[in-house]
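# Observations on the three-dimensional arrangement
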Amino acid sequence: MPPSDYGAPAGDPELREAIAGYLRRWRGVACGAGDVVVTAGAIQAVDLIARAIIEPGDTVGFEEPGYPLARQALQARGAKLLPVQVNHDGMQVDLIPSGPGAPIFVYVTPSHQYPLGARMPVGRRMALLEWARANDALVVEDDYDSVFRFDAPPLQALAGLDDGGRVAYIGTFSKVLSPALRVGYLVVPPPLRERVEHFKRISDFHASWPLQRALPAFVREGHLERHIRRMRRHCGDKRQALSATLAPVSDVARPRGLEAGLHEFLELDATVDPVPLSRAGRDRQHRPPVLHARQRPGLLLGYGGLTIDEINAGGRVLAATIRAAAAG
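Computed from a prediction, not measured in an experiment: that's the story for all the values here.

Analysis parameters
Residues numbered from 1 in each chain as written. Predicted model: local features only at pLDDT ≥ 70, side-chain atom pairs only at ≥ 80, totals over all residues. Heavy atoms only, no water. Helix = DSSP H or I, 4+ residues; strand = E, 2+ residues; numbered from the N terminus. Polar contact = N/O pair within 3.5 Å; in protein donor to acceptor, adjacent residues only side chain to side chain. Contact = heavy atoms within 4.5 Å. Phe/Tyr/Trp six-rings, centres within 6.5 Å; stacked < 30°, edge-to-face > 60°. Axes fitted to C-alpha atoms, helices over the stretch in contact; angles between N-to-C directions. Parallel < 35°, antiparallel > 145°, perpendicular 65-115°, else oblique. Left-handed = near helix turned anticlockwise from the far one by under 90°. Pairing = 2+ DSSP bridges. Buried < 20%, exposed > 50% of the residue type's maximum accessible area, 1.4 Å probe, protein only. Arc of directions from axis to C-beta.

Another aspect to go through is the side chain of arginine 27. Counting through the fold element by element, arginine 27 comes out in the loop between helix 1 (13-26) and strand 1 (36-39). Side chain to side chain, arginine 27 and serine 111 meet in a polar contact 3.3 Å long. A polar contact is formed between the side chain of arginine 27 and the backbone oxygen of leucine 155, at a distance of 2.9 Å. Ignoring sequence-local partners within four residues, the contact set of arginine 27 consists of Tyr22, Ser111, Asp143, Ser146, Pro154, Leu155, Gln156, Ala157 and Tyr169.

Another aspect to go through is the packing of aromatic side chains. Centre distance and the angle of the planes are the two values used to describe a pair of aromatic rings. Evaluation of the coordinates by the stated rule reveals five aromatic pairs. When the ring of tyrosine 67 is compared with that of tyrosine 114, the centres are 5.2 Å apart and the planes differ by 70 degrees; the resulting orientation is edge-to-face. Here tyrosine 67 is found in the loop between strand 2 (59-64) and helix 3 (68-76), whereas its partner tyrosine 114 is found in the loop between strand 5 (105-108) and helix 4 (122-134), with 47 residues between them in sequence. An aromatic cluster of three or more residues is present, and its members are Tyr67, Tyr114 and Tyr144.

With that settled, consider the packing of helix 8 (residues 223-246) against helix 10 (residues 308-327). Relative to each other, helix 8 and helix 10 sit at 20 degrees, their axes nearing to 8 Å. If you check the angle between helix 8 and helix 10, you find them roughly parallel. Helix-helix and strand crossings are classified by hand; for helix 8 and helix 10 the assignment is right-handed. Two secondary-structure elements touch here, helix 8 through Asp237, Lys238, Ala241, Leu242, Thr245 and Leu246 and helix 10 through Ile308, Ile311, Asn312, Gly315, Arg316, Leu318 and Ala319.

Take the pairing of strand 9 (residues 253-256) next. For strand 9 and strand 10 (residues 263-268), the ladder comprises four bridges, and the chain directions are antiparallel. Among the inter-strand pairings, alanine 253 is bridged to a residue of strand 10, identified as leucine 268.

Pairing within the open sheet is mixed, and its eight strands lie in the order 1-8-7-6-5-2-3-4. Two strands in the sheet have a free side with no partner beyond their single neighbour: strand 1 and strand 4 (90-91). The sheet contact formed by strand 7 (residues 167-172) and strand 8 (residues 184-187) spans four bridges and is antiparallel. The residue of strand 8 that forms the bridge with glycine 171 is tyrosine 185. The strands touched by helix 3 within the sheet are strand 2, strand 3 (80-87) and strand 5, with strand 2 carrying the most contacts at an inclination of about 165 degrees. Each of strand 1, strand 6 (138-142) and strand 8 is contacted by helix 6 (residues 190-203), which is oriented at about 20 degrees to strand 1, the strand it contacts most.

Further remarks concern helix 3. Residues spaced three or four apart along an α-helix face the same direction, because each turn holds 3.6 residues. Of all the residues in helix 3, the buried ones are Ala70, Ala73 and Leu74. The buried residues of helix 3 all sit within an arc of 95 degrees when viewed along its axis, so they share a single face. Packing partners of the buried residues in helix 3 comprise helix 2 (42-53), strand 2, strand 3 and strand 5. Directly beyond the C-terminal end of helix 3, a positive phi value near 90 degrees is found at glycine 78.

So, in structure tokens, the structure goes:
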């Protein structure tokens, strides 16, 4: 029977404990159940942080290019976004202002930068934490699909390297289980936790009770981790299929970020216009978004929700269209 009263805004205690244990084992984040707030996905976590911290006009550092929904969530709360360019090692920390012009926090996706796919190395992670310490600022780490690493083990999360309470860590079950669940989590430093829980209470009070009761055993008994291992193999096969179908056009279409995650950025030669290529899908639902990233035009290809047959068929169409565009 469901309870006769509302639950805790921060989430069911058993689920919070299960998530904390998972994060300690898999992401090296030293946290307990009391540090975890259960959210309705990653975007609600971004919104809660924005509500807890931002005053209209405050500057927030943001990856350029970066995750559009997170950008919109921050702007909706009155943030003035400061674009910080991304290169092959992720956000360029040396470009973040210090001193009076420093942003109050920066939003990053260090394990698999969205959308270009870079992985921030340890040295740059430590530099980002040092910047946060020197400027009394916060780092918001969106760790949305770090477990899907195919060529090497995932690096420890920024939050796991942090010993000064400078990182708010965001995770989600959307990638590892299903986006339909709408369950994520936020690990926030103690000074912010009370404000985050306050805004969670007035947002939706608490996440769905049946889901919160079903997930703890799934996580605690190891089913989630076994599922992740299976999904790594399964998505690795999809990755190989996508790579193989696009290999014939690798001279004009270079995959970026395929080492991890469930999408790739297909960087196109300057002679190839990405807009017509986006229409090469069989229907609008499978048209890849066009991305212009610092004079690097390309397509964003998500393959996690496709079958291998769909990847092979769509990849062949796309490759043929790219070759025709390059020749014409």
